[in-house]
Amino acid sequence: MSHTGETIRGLHRVFAEALGPSRWWPAETPFEVAVGAILTQNASWKNVARAIEALKSAGAMTGPALADLPQQRLEELIRPAGYFRLKTVRLRHFLDFLSREADLDMEALRGRDPYFLRESLLEVRGIGRETADSILCYALGMPFLVVDAYTVRMFARHGLIPEVTDYEEVREIGQSALGDDVAALNEFHALIVRAGVTWCAKSHPRCAQCPARNLLPDPERLPA
DNA sequence: GACCAGGCACATC
DNA sequence: GATGTGCATGGT
């Protein structure tokens, strides 16, 4: 493919060289990945990490233990992650799903058809595309690219997509460039987030120091 | 005090 | 199909 594919693989290469391996997702179990994916919705990871620590300290970072927590207790524990009432409900919906589909055991999901499981996850209230793909890729090792705000911003700043582009379209562009290699898809999103935090913030981008700056298209040649 | 952070559902046009 | 709004904490 194309210039677009080359640029995406170029981003992967230069960020990997600049940042080294990511070893994502930062979690000890697949269940913790799923909980973290819900808690990190529109929140800073630093705050989410506090909530996760609180859950672990309470011995609640397993399906059965979390399902047994009273609502008010759960709200208290995840409060630092923000939107705590909303996220309490979302965690409950996810636990209902996991109970129904897998007897609260993430391992039981591993053999499922990836696209069918994705559709099932998307029916859970509070699990949208990014959260579903995070769970599929990082908890279950399935070949989906997680698209987040950094991905869209970075692709747009490199002239690959318009600033407003449908999630599925960005995901397919990325997966076309990177293939069905789970390790590559996993690492690519991790690198995008790590690089995004450092160089591609929304209001204070530090493009001049970004190692991908030489991949930037010539501004004169950008479409109007 | 404004703005942002590893979104999502729902209402409205 | 696009666009706007509520949700809540902690850091810059």
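A short tour of the structure in this document, coming up.

About the criteria used
Residues numbered from 1 in each chain as written. Chains lettered and ligands numbered in written order. Predicted model: local features only at pLDDT ≥ 70, side-chain atom pairs only at ≥ 80, totals over all residues. Helix = DSSP H or I, 4+ residues; strand = E, 2+ residues; numbered from the N terminus. Contact = placed C-beta atoms within 7 Å. Near = placed C-beta within 6 Å. Nonpolar A, V, L, I, M, F, W, Y, C, P; charged D, E, K, R; others polar.

Things to note about the overall build of chain A
Here is step 1 of the chain: From N to C terminus, chain A includes 11 helices and zero strands.
Here is step 2 of the chain: Counted from the first residue to the last, chain A has its helices and strands arranged as α-α-α-α-α-α-α-α-α-α-α.
Here is step 3 of the chain: On the principal axes, the C-alpha backbone points of chain A span a range of 60 × 35 × 30 Å.
Here is step 4 of the chain: Taking as baseline every contact in chain A between residues at least 6 positions apart, the subset at least 24 positions apart corresponds to 64%.

Re the protein's contact with DNA strand B
Here is step 1 of the chain: Neighbouring DNA strand B are 25 residues, the closest being Gln41, Gly128, Thr131, Lys202 and Ser203.
Here is step 2 of the chain: Every element with two or more residues in the surface near DNA strand B is listed here: helix H8 (129–139) and helix H11 (182–199).
Here is step 3 of the chain: Among the elements that take part in the surface near DNA strand B, H8 stands out by supplying four residues, more than any other.
Here is step 4 of the chain: When its residues are assigned to classes, the surface near DNA strand B shows 10 nonpolar, 10 polar and five charged.

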